[in-house]
Amino acid sequence: MATTTAIPSKTPAQTATPQTPAYPGQVTGMYILAKALKNVGIDTMYGLVGIPVTDFSYLAQEIGIRFVGFRHEQQAGMAAATHGYLTKTPGVLLTVSSLGFLNGLTATANATVNCYPMIQISGSSERAPIDLDQGNYEALDQLNVAKGLAKAAYRVNRPQDIPTAVARAYRAAVSGRPGGVYLDITTPCLGAVMDKSEADKLFFRPVDPAPSQHPSDQAVTRALKLLASARRPAIILGKGAAYAQIDDKIRQFIEKTGIPFLPMSMAKGLMPDTHPLSAISCRSTVMEQADVVMLIGARLNWLLSRGQGKWSPDTKFIQLDIEPTEIDCNRPIAAPVIGDLESSIDAMLAKLPTIKMSADPQWIPSLQAEAKTKNARFAQRLADNANTSPMNHWTALSVIKPILESNPDIILVNEGANTLDDTRNAVNMALPRHRIDCATWAIMGMGMGSAIGAAIASGKKVVAIEGDSAFGFSGMDFSTACRFKLPVTVVIFNNGGIYNGIGENLAKTPDPAPTTLDINARYDKLGEAFGAKTYYVTNPDQLKTAFTEAISSGTTCLIDVQLDAASGKESGHIGYLNPESLQHITV
Ligand code: ADP
Ligand code: MG
């Protein structure tokens, strides 16, 4: 193993160059880091630079890693996470020490919760003064802060360890249940000097970083037996199933067994929402009546009422997942199938001919009849609102829905409260991994980062439908989409507030209510500042023209959609999660 050839004689300065390497014979930790990333196949990095990682970003760009510089680390992290989700390789986020690290860590934590593979690489200050709490520049014990929030966290103190650290971070991000990994690289390590000939011997590619994990034969047989016994079976597809990129196999399994399916939000499009076996409009019926439910890469978490509530207590569950500790977490799982989804679905497909389904012949027709009624009611709702003035969410969606549905290859990013719920319900998806939203934590503030990550990772057009409040969290990074000339169209549903713009200040002072933003804000002008093509629309005809033009332009566009301040209700569909109803305090 190589050793550092020159040890700094005194404490390294906080700049990343405590020593000047004698080029070309010597290199720094920064060089090794850039090479190590490139060597494992990382071709894109999202981040925001400053001390001590600026020089590293230049080196990385020089050797051919695309660097996408953001205005806020959280958004760079959301981009990296989305990149990871779409490519099954780790998205990489680069941050500076202290606050930059913390800003980025929110995205790494969110990635971990959502099972997106990403690596946050952060420069950190020199160890000794941090450990003795001596008040150094941007001093923070970043590794220990990250440990509780990331899937794995490592610190690198010596340049010769960087290639190992990169390989381990890669493996930790993509193997098993994917997640966010933190890699802490100290300033002295980034600046430390090694002989190039020694450094070049260190690089290696991890072999089989996301190994397949085969389910046991017994587990597969048990699951199939239960499925065969079902009278009213159903399948729930989660974003783990979309992530696995085994679209054809999942389709085969569903079509061969003839089991109706219900997609979770980001699994929409894995099977077309309009497929005859889609039970997307019959969620409650599935929960109340299905006797056997097979979860494929979906967790029985709060988004599925944790298996309680409307769910029949008699429903038996089959769960296909890579993470054994997920099983039984909310209610007993009758048939767990632990393995990577490709291996598990392969094994189940192989044994399908050995079972005979015994579903009630009325089950699917009854779901289809219910879906037909509900879909007609939904269509009527859109039609009834199509010409409302001022526009409400449904008015805008009655314009956007048909246009997006006839452009199924556009990736849809979506966040907000009512904007999220209504768009998800209105817009049918036809292709896998074309819907990216605030997902498991239902957070706000993923929009611009995810839209940029999606555009870069896929090379496709992206439309981000954003509530005005949601947009506020990441709005400045619209400028990043502009600088990188990405085909991203941002559509802002401006109803002037969090939930809506009619909040009341109970103190009757001139201050706005806590939920009130600005119904008169001109978000299009913000887009103009960065050279985007912008539109301000107040009626459906204008919206139709603007939206059609924007998505066909292939450039970065922003459409400010003026809604009624009264459109939208508090917390959208999840108002039930609020503690108590509003209580007036009288002193
Ligand atoms: P949703 O919110 O769409 O229900 P979740 O993120 O809650 O999806 O669940 C995804 C599940 O998929 C997680 O439990 C995760 O462990 C699992 N998963 C992710 N990738 C794979 C894979 N390749 N094989 C098997 N399971 C996977
Ligand atoms: Mg709003």
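Residues numbered from 1 in each chain as written. Chains lettered and ligands numbered in written order. Predicted model: local features only at pLDDT ≥ 70, side-chain atom pairs only at ≥ 80, totals over all residues. Heavy atoms only, no water.

### Some details on the confidence of the model for the chain
Stage number 1. Looking at the chain, the pLDDT average stands at 95 and 96% of residues meet or exceed 70.
Stage number 2. Between residues 1–17, whose pLDDT stays under 50, and residues either more than four places distant or in other chains, the model counts 38 contacts. (pLDDT = per-residue confidence, 0-100. Contact = heavy atoms within 4.5 Å.)

### Quick word on the nonpolar core
Stage number 1. In terms of nonpolar packing, the biggest core is built from 78 residues, with I235, L237, M294, I296, I318, L320 and I436 touching the most fellow members.
Stage number 2. Ranked by residue count, the leading element in this core is helix 3 (residues 73–87), at seven residues.
Stage number 3. Excluding residues that lie within four positions of it along the chain, I318 makes contacts with A223, L226, L227, V292, V293, M294, L295, I333, A335 and V337.
Stage number 4. If you look at the next biggest cluster of nonpolar residues, it comprises 41 residues, including V96, A152, V166 and A169. (Core = buried A, V, L, I, M, F, W, Y, C linked by side-chain atoms within 4.5 Å. Buried < 20%, exposed > 50% of the residue type's maximum accessible area, 1.4 Å probe, protein only. Helix = DSSP H or I, 4+ residues; strand = E, 2+ residues; numbered from the N terminus.)

### Remarks on empty space enclosed by the protein
Stage number 1. Under the counting rule described, the total for this entry stands at three cavities of 30 Å³ or more.
Stage number 2. The computed volume of the largest cavity comes to approximately 70 Å³.
Stage number 3. Surrounding the largest cavity, 13 residues form its lining, N110, Y116, D437, M446 and S450 being those nearest its centre.
Stage number 4. Contributions of two or more residues to the lining of the largest cavity are made by helix 3, helix 4 (99–114) and strand 15 (435–437). (1 Å grid on protein atoms, 1.4 Å probe; cavity = no way out; pocket = protein on both sides within 12 Å on 5 of 7 lines; lining within 4 Å. Points joined across faces, edges and corners; volume = space filled by probe spheres on them.)

### Structural notes on unusual backbone geometry
Stage number 1. With omega at 0°, the peptide bond leading from Y23 into P24 counts as cis.
Stage number 2. Relative to the helices and strands, P24 is located in the segment before strand 1 (26–28).
Stage number 3. For the bond running from I51 to P52, omega is 5°, close enough to zero to count as cis.
Stage number 4. In this fold, P52 is placed in the loop between strand 2 (44–47) and helix 2 (54–62).
Stage number 5. Even without glycine at this site, S98 takes up a positive phi of about 50°.
Stage number 6. Within the secondary structure layout, S98 lies in the loop between strand 4 (91–95) and helix 4.
Stage number 7. At R306, a residue that is not glycine, the phi angle is positive and equals roughly 50°.
Stage number 8. By the element assignment, R306 lies in the loop between strand 11 (292–296) and strand 12 (316–321).
Stage number 9. For R306, a relative accessible area of 44% gives the class partly exposed.

### Examining the pairing of strand 6 (residues 152–156)
Stage number 1. Most of strand 6 is tucked away, with four of its five residues classed as buried.
Stage number 2. Alignment of strand 6 against strand 7 (residues 180–186), held across five bridges, turns out to be parallel. Across the sheet, V156 pairs through a bridge with I185, a residue of strand 7. (Pairing = 2+ DSSP bridges.)

### Remarks on the site of ligand 1
Stage number 1. Around ligand 1 lies a shell of 18 residues, among which R177, K239, R299, D321 and L341 are the nearest.
Stage number 2. The side chain of R299 places a nitrogen or oxygen atom 2.7 Å from an oxygen atom of ligand 1.
Stage number 3. D321 is positioned such that a nitrogen or oxygen atom in its side chain is 2.5 Å from an oxygen atom of ligand 1.
Stage number 4. Protein chains bury 96% of the 580 Å² of accessible surface belonging to ligand 1 in isolation.
Stage number 5. Ranked by residues supplied to the shell around ligand 1, first place goes to helix 11 (residues 239–243) with three residues. (Near = heavy atom within 4 Å. Polar contact = N/O pair within 3.5 Å; in protein donor to acceptor, adjacent residues only side chain to side chain. Areas by Shrake-Rupley, 256 points an atom, 1.4 Å probe, with all protein chains shown as cover.)

### Brief notes about the environment of G191
Stage number 1. Relative to the helices and strands, G191 is located in helix 8 (residues 187–191).
Stage number 2. Looking at G191, the relative accessible area reads 0%, which means it is buried.
Stage number 3. Distance in space between the C-alpha atoms of G191 and T28 is 5.5 Å, their sequence separation being 163 residues.

### Things to note about the side chain of N505
Stage number 1. Mapped onto the elements, N505 comes out in the loop between strand 17 (488–494) and helix 21 (523–529).
Stage number 2. On the accessibility criterion, N505 (16% relative accessible area) is buried.
Stage number 3. Only 2.7 Å separates the side chain of N505 from the side chain of T509, close enough to count as a polar contact.
Stage number 4. Once you skip the residues sitting within four places of it in the chain, N505 turns out to touch D511 and A513.

### Considerations on the sheet that holds strand 14 (residues 411–415)
Stage number 1. Across the sheet, which stays open at both edges, the six strands sit in the order 15-14-16-17-19-18 with parallel pairing between neighbours. The open sheet terminates on both sides in strands that have one partner only, identified here as strand 15 and strand 18 (533–537). Each strand of the sheet is rotated relative to its neighbour by a mean of 15°, with strand direction disregarded.
Stage number 2. As defined by bridge partners, strand 18 adjoins strand 19 (residues 557–562) across five bridges and the pair is classed as parallel. Following the sheet pairing, V537 is matched in strand 19 by V561.
Stage number 3. Contacts between helix 18 (residues 447–458) and the sheet are confined to strand 14, strand 15, strand 16 (462–467) and strand 17, with strand 16 contributing the most and set at about 170° to the helix. (Axes fitted to C-alpha atoms, helices over the stretch in contact; angles between N-to-C directions.)

### With respect to the packing of helix 3 against helix 4
Stage number 1. Axis separation between helix 3 and helix 4 bottoms out at 7 Å; the angle between their running directions is 30°. Between helix 3 and helix 4, the angle falls in the class roughly parallel. Along this stretch, helix 3 crosses helix 4, giving a crossing that reads as right-handed. Only G100, N103, G104, T106, A107, N110 and A111 of helix 4 make contact with helix 3, whose side of the interface consists of E73, Q74, G77, M78 and A81.
Stage number 2. Tallied by class, residues from the contact of helix 3 with helix 4 come to four nonpolar, seven polar and one charged. (Parallel < 35°, antiparallel > 145°, perpendicular 65-115°, else oblique. Left-handed = near helix turned anticlockwise from the far one by under 90°. Nonpolar A, V, L, I, M, F, W, Y, C, P; charged D, E, K, R; others polar.)

### Quick word on the coordination of the magnesium ion (ligand 2)
Stage number 1. Within the protein, the magnesium ion (ligand 2) binds to D468 (OD), N495 (OD1) and G497 (O); these donor distances fall in the range 2.1 to 2.2 Å.
Stage number 2. Within one chain, the residues donating to the magnesium ion (ligand 2) are spaced in sequence as D-x26-N-x1-G.
Stage number 3. A relative accessible area of 3% places N495 in the buried class. (Donors = N, O, S within 2.8 Å, 3.2 Å for Na, K, Ca; no water.)

### Notes on the pattern of salt bridges
Between side chains of opposite charge, pairing is possible as soon as their charged atoms come close.
Stage number 1. Inspection of every chain in the model, using the stated rule, returns 22 salt bridges.
Stage number 2. Across the pair R127 and D141 runs a salt bridge, and its minimum N-O distance is 3.9 Å. Note that R127 is positioned in helix 5 (residues 127–131) and D141 in the loop between helix 5 and helix 6 (142–147), a separation of 14 residues in sequence.
Stage number 3. Since its relative accessible area comes to 15%, R127 is described here as buried.
Stage number 4. For D141, a relative accessible area of 25% puts it in the partly exposed group. (Salt bridge = Lys/Arg side-chain N within 4 Å of Asp/Glu carboxyl O.)

### Digging into the packing of aromatic side chains
Describing an aromatic ring pair means giving the distance of the ring centres and the angle of the ring planes.
Stage number 1. In the structure shown here, the tally under the stated rule is seven aromatic pairs.
Stage number 2. An angle of 55° between the planes, with centres 5.0 Å apart, marks the rings of F101 and Y182 as tilted. Linking F101 in helix 4 with Y182 in strand 7, this pair joins segments that are 81 residues apart in sequence. Here the two residues F101 and Y182 agree in accessibility, since each one is buried. (Phe/Tyr/Trp six-rings, centres within 6.5 Å; stacked < 30°, edge-to-face > 60°.)

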